[in-house]
Amino acid sequence: MGGVPAKAVDPAEMRAAVEAVLPWLRGEADQPERPVLAAAVRLSLRTLEQIAPGRSVEVRVPPFAAVQCVEGPRHTRGTPPNVVETDARTWLELATGDLGWEDALAGARVTASGTRADLSPLLPVVRF
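The text that follows walks through the structure, step by step, so that each part is easy to find. Computed from a prediction, not measured in an experiment: that's the story for all the values here. (Residues numbered from 1 in each chain as written. Predicted model: local features only at pLDDT ≥ 70, side-chain atom pairs only at ≥ 80, totals over all residues. Heavy atoms only, no water.)

To continue, consider the overall build of the protein. A count of helices and strands for the protein gives five helices and four strands. Traced from its N-terminal end to its C-terminal end, the protein shows the element sequence α-α-α-β-β-β-α-α-β. Since a compact globule built from 128 residues should have a radius of gyration of about 14 Å, the 14 Å found for the protein is in line with a globular shape. Each principal axis of the C-alpha distribution contributes one length, and for the protein these read about 40 × 35 × 25 Å. Counting across all 128 residues of the protein, residues that qualify as buried make up 42%. Long-range pairs, those at least 24 residues apart, make up 56% of the contacts in the protein between residues at least 6 apart in sequence. By element, 51% of the accessible surface of the protein is carried by carbon and sulfur atoms, the whole surface being about 7,100 Å². (Helix = DSSP H or I, 4+ residues; strand = E, 2+ residues; numbered from the N terminus. Rg over C-alpha atoms; globule rule 2.2 N^0.38 Å. Buried < 20%, exposed > 50% of the residue type's maximum accessible area, 1.4 Å probe, protein only. Contact = heavy atoms within 4.5 Å. Areas by Shrake-Rupley, 256 points an atom, 1.4 Å probe, with all protein chains shown as cover.)

Okay, structure coming up:
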């Protein structure tokens, strides 16, 4: 990556990718195929990265993607001091506003460590 900015996310493409998984998020359909789910996670995470550029927080949604975002001290080696990690469903519920940050933390659906790891001011990244 070496300082080369990531290609900007097309908002319409991200919205369509997330919209494709909404029936699953709302309990109206089975889990989508892996490529469909991966696109929704990756594009919504990259949107977060665009909304809050920086390298002080790493947001991980294994096995699909991880991004660094939020202004502040840049992390260069080892485990970042500010890490947010969750599963695909929880991330997408947070990204769409179907789940609040505090509820996700209280329900142990997301782990957040570090002083900058509160994503609540940045969520949701898309509304339906």
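We now examine the packing of helix α1 (residues 11–19) against helix α3 (residues 34–51). Packing of α1 against α3 brings their axes to within 8 Å, and their N-to-C directions diverge by 140°. With respect to α3, the element α1 is oriented oblique. Seen from above, α1 lies across α3 with left-handed handedness. Residues Glu13, Met14, Ala17 and Val18 of α1 form the contact with α3, whose own contacting residues are Ala39, Ala40, Leu43, Ser44 and Thr47. Across the contact of α1 with α3, the residue classes tally to six nonpolar, two polar and one charged. (Axes fitted to C-alpha atoms, helices over the stretch in contact; angles between N-to-C directions. Parallel < 35°, antiparallel > 145°, perpendicular 65-115°, else oblique. Left-handed = near helix turned anticlockwise from the far one by under 90°. Nonpolar A, V, L, I, M, F, W, Y, C, P; charged D, E, K, R; others polar.)

With respect to the secondary-structure elements, Gln68 resides in strand β2 (residues 65–69). Here Arg55 takes part through its side chain, which lies 3.1 Å from a polar atom of the side chain of Gln68. At a separation of 3.1 Å, a polar atom in the side chain of Gln68 contacts the side chain of Glu58. (Polar contact = N/O pair within 3.5 Å; in protein donor to acceptor, adjacent residues only side chain to side chain.)

Within the largest apolar cluster, 39 residues are counted, with the highest numbers of intra-cluster contacts made by Val41, Val59, Trp91, Leu92 and Leu119. Taken together, the elements giving at least two residues each to this core come down to α1, α2 (22–25), α3, β1 (57–61), β2, α4 (88–96) and α5 (101–106). With seven residues, α3 is the largest single contributor of residues to this core. When sequence neighbours within four positions are dropped, the list of residues in contact with Val41 reads Val61, Phe64, Ala88, Trp91 and Leu92. (Core = buried A, V, L, I, M, F, W, Y, C linked by side-chain atoms within 4.5 Å.)

All right, on to the packing of α3 against α4 then. One can describe the packing of α3 onto α4 by two numbers: an axis separation of 10 Å at closest approach and a directional angle of 50°. By the angle class used here, α3 and α4 are oblique. Seen from above, α3 lies across α4 with left-handed handedness. Listed contacts from α4 to Leu37, Ala40, Val41, Ser44, Leu45 and Leu48 of α3 are Ala88, Trp91, Leu92 and Ala95.

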